[in-house]
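Survey of secondary and tertiary structure
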Amino acid sequence: MANALEADSEFVPDLIVAVGKAAASMCRGALETLSTPTRALVVTKYEHGDAALAKFPDIEIIEAGHPVPDAASLQAGAAVLDAICNMPHDSRLLLLVSGGASVLVECLEPAWDLPAWQAMNDRMLASGEPIERINRAREKASRIKGGKLLAAFKGREALVYVISDVEGDDIGTIGSGIGDARRATCAAHTRIVASNALARVACAAAAGIAVRCNEESLYDDVFELAPLIGAALINGEPGLYIWGGEPTICLPAKPGRGGRNQSLALAIAREISGHGNITVLVAGTDGTDGPTDAAGAMVDGSTFDAGGERALRAADAGPYLEERDALFVTGPTGTNVMDVVIALVE
């Protein structure tokens, strides 16, 4: 945020609106960089706030449900829309967007209510559909997504900073397009300030060993990806292997506990079983994996046994991995640039 604002140093906002799982850290970065106190509204996931924000005056923080939206999501949406619609004609808006905004903040079209919206989200997430299709469906139910929020802003200028959590860094997909400026009636500019590509470059730079693979290709079902990753590691040269993206998983009618990263980690553990020279971390960069408090899991050639098959079939990888002390728990990280697989072949 500091780098971005220094590059746009002539822009002085009258209001900061930050939405998404990284909203608190983005807002903190902006407030610490700006030379004048600025009013701010932050919408983020429960327990994803930042205690350091308390030192700033005139800031409102709303926490809401994710990945399952709740009434607080609608409260947040109403607050965001009201704040933006009531800005003066000569005002400037700084909009900070990160992944998770699709369900954390919403104003529904009249034909929708909270139970119907929750049911739609649950159905789409369990289907294994790509996030682009899910977010297009969300846009249709929304009064603020797909560029509609900035269309409602009648001020002078808007600057949008985005942390990307989607393939191709498509502004129209991140947060279901809540930061899309194509419908804006004012002067509006959009910047990508963080992404999976930048995270993987930083990972490779910090490794200190040979990096054999660094690519963004985790865009398939976890059970399609695991054999490919396993084969690359078993047959590969010693060194570090990095993959990024956002895999999908099709859930059974009554899934157990665990997210897509825990399922992918366990599926990879099955592929590398017996290979003592391979260690693999699979994690969400935001520090959460589905409706759990783990970011993912760390597995090796000894992690998988017969009980793993049942856990994979039942989408219940979490308890299996927890019993083997393989869960990777970081807490909220303050960013959200999709998922990573980081593997060491010794």
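Scroll up to find the structure.
Residues numbered from 1 in each chain as written. Predicted model: local features only at pLDDT ≥ 70, side-chain atom pairs only at ≥ 80, totals over all residues. Heavy atoms only, no water.

Regarding the side chain of Ser195
Inclusion rule: The helix and strand labels rest on DSSP assignments: H or I over at least four residues marks a helix, E over at least two residues marks a strand, and numbering proceeds from the N terminus. Contacts are assigned to residue pairs with any non-hydrogen atoms lying within 4.5 Å of each other.
Relative to the helices and strands, Ser195 resides in the loop between β6 (187–194) and α8 (196–207). With near-sequence residues (within four places) excluded, Ser195 lies in contact with Ser164, Asp169 and Val337.

Quick look at the packing of aromatic side chains
Stated precisely, the cut-off is as follows: Each Phe, Tyr or Trp ring (for Trp, its six-membered ring) is paired with any other whose centre lies within 6.5 Å, and the angle between the two planes then decides the class: stacked below 30 degrees, edge-to-face above 60, tilted in between. Type-normalised accessible area, obtained with a 1.4 Å probe on protein chains alone, sets the label of each residue: buried when under 20%, exposed when over 50%, and partly exposed for intermediate values. Distance and angle both matter: a charge sits over a ring if NZ of Lys or CZ of Arg is within 6 Å of the ring centre and within 35 degrees of the ring normal.
Here the structure, examined in full by the defined rule, presents 1 aromatic pair. Here the aromatic rings of Tyr241 and Trp243 are separated by 6.1 Å at their centres, their planes lie at 20°, and the arrangement is stacked. With respect to class, Tyr241 is no different from Trp243; both count as buried. One Lys or Arg, Arg324, reaches over the ring of Tyr320 and ends 3.5 Å from the middle of that ring.

Points about the nonpolar core
For clarity, the cut-off: To form a nonpolar core, buried Ala, Val, Leu, Ile, Met, Phe, Trp, Tyr and Cys residues must be joined to one another through side-chain atoms within 4.5 Å.
Membership of the largest hydrophobic core comes to 36 residues, with the highest contact counts inside it found for Val19, Val80, Leu93 and Val105. Of all elements in the fold, only β1 (15–19), β2 (39–45), β3 (59–64), α3 (71–85), β4 (92–97), α4 (101–104), α7 (148–151) and β5 (157–163) reach the threshold of two or more residues within this core. By residue number, the principal contributor to this core is α3, which donates 6 residues. With near-sequence residues (within four places) excluded, Val19 lies in contact with Val43, Val80, Leu96, Val97, Ser98, Ala101, Val105 and Ile178. Ile249, Ala269, Ala326 and Val341 belong to the second-largest nonpolar core, a separate cluster that totals 32 residues.

Re unusual backbone geometry
Cis peptide bonds are those with omega within 30 degrees of zero, and the linkage from His66 to Pro67 qualifies with 5°. By the element assignment, Pro67 lies in the loop between β3 and α3. Even without being glycine, Ser176 reaches a positive phi, approximately 55°. Here Ser176 lies in the loop between β5 and β6. On the basis of relative accessibility, which here comes to 0%, the residue Ser176 falls in the buried class. The phi angle at Met338 is positive, at roughly 70°, despite the residue not being glycine. By secondary structure assignment, the location of Met338 is in the loop between β11 (327–328) and β12 (339–345). Exposure remark for Met338: the relative accessible area of 2% places this residue in the buried category.

Quick word on the sheet that holds strand β7 (residues 211–218)
We apply this condition: Two strands are said to pair when DSSP picks up at least two bridges between them. Every axis corresponds to a line fitted to the C-alpha atoms, with the helix fit spanning only the stretch in contact, and the corresponding angles, defined between N-to-C directions, vary from 0 to 180 degrees.
An order of β7-β8-β12-β9-β10-β11 is seen for the 6 strands of this open sheet, with the pairing classed as mixed. The open sheet has two edge strands, β7 and β11, and neither has a second partner. Pairing analysis gives 6 bridges linking β7 to strand β8 (residues 239–245), with the strands arranged parallel. Among the inter-strand pairings, Glu216 is bridged to a residue of β8, identified as Gly244. Helix-sheet contacts for helix α10 (residues 260–271) involve β9 (278–284), β10 (296–300), β11 and β12, and the interaxial angle to β9 is about 165°.

Focus: the environment of Asn261
Of note, Asn261 is situated in helix α10. Put simply, Asn261 and Ile249 are 12 residues apart on the chain and 9.5 Å apart in space, counted from C-alpha to C-alpha.

Some thoughts on the environment of Pro227
Within the fold, Pro227 resides in helix α9 (residues 222–234). The exposure class assigned to Pro227 is partly exposed, which follows from its relative accessible area of 33%. Taking the C-alpha atoms as reference points, Pro227 and Arg270, separated by 43 residues in sequence, lie 8.9 Å from one another.

Here's the deal with the sheet that holds β2
Spatial strand order, β3-β2-β1-β4-β5-β6: 6 strands in an open sheet with parallel pairing. Only two strands of the sheet have a single partner each, and these edge strands are β3 and β6. The sheet shows a mean angle of 15° between the axes of neighbouring strands, direction not considered.

What to know about α3
A turn of α-helix holds 3.6 residues, and therefore any two residues three or four places apart point the same way. For the record, the criterion: Expected span, for any helix, means 1.5 Å times one less than how many residues it has. Distance and chemistry together define a polar contact, namely a pair of N or O atoms within 3.5 Å, with one atom able to donate a hydrogen and the other to accept it when in protein, and with adjacent residues in sequence counting only for side-chain atoms on both sides.
Helix length check: α3, at 15 residues, gives a terminal C-alpha distance of 21 Å against a target of 21 Å (1.5 Å per residue), a fit within 8%. Those residues of α3 that sit buried are Ala72, Ser73, Ala76, Gly77, Val80, Leu81, Ala83 and Ile84. Between a side-chain oxygen at the N-terminus of α3 and the backbone nitrogen of Ala72 the separation is 3.1 Å; the capping residue is Asp70.

Quick word on the environment of Asp58
The topology assignment puts Asp58 in the loop between β2 and β3. Taking the relative accessible area as the measure of exposure, Asp58 reaches 52% and is therefore exposed. Asp58 sits 224 residues away from Val282 along the chain, and the two C-alpha atoms are 39 Å apart. Ignoring any residue separated from it by four or fewer positions in sequence, one finds Asp58 in contact with Thr38, Arg39 and Ala40.

Description of the pairing of β4
Side-chain positions along a regular strand alternate between the two faces of the sheet. Burial of β4 is extensive: 6 of the 6 residues sit out of reach of the surface. Sheet topology places β1 next to β4; 5 bridges connect them, and they run parallel. Within the sheet, the bridge partner assigned to Leu15 lies in β4 and is Leu93.

A closer look at the packing of α9 against α10
Rule in force here: In these notes the angle categories are as follows: under 35 degrees is roughly parallel, over 145 is roughly antiparallel, 65 to 115 is roughly perpendicular, and the rest is oblique. Crossings are sorted by hand: turned counterclockwise from the far helix by less than a right angle, the near helix makes the crossing left-handed, and turned clockwise it makes it right-handed. Only Asp, Glu, Lys and Arg are considered charged, only Ala, Val, Leu, Ile, Met, Phe, Trp, Tyr, Cys and Pro nonpolar, and every remaining residue, Gly among them, polar.
Remark: α9 packs on α10, axes separated minimally by 8 Å, with the N-to-C direction vectors making an angle of 45°. When the interaxial angle is binned, α9 and α10 end up oblique. When you trace α9 past α10, the crossing you get is right-handed. The segment α9 lies against α10, with Val222, Phe223, Leu225, Ala226, Pro227, Ile229, Gly230 and Ile234 engaging Arg260, Ser263, Leu264, Ala267, Ile268, Arg270 and Glu271. Its residues placed into classes, the contact of α9 with α10 shows 10 nonpolar, 2 polar and 3 charged.

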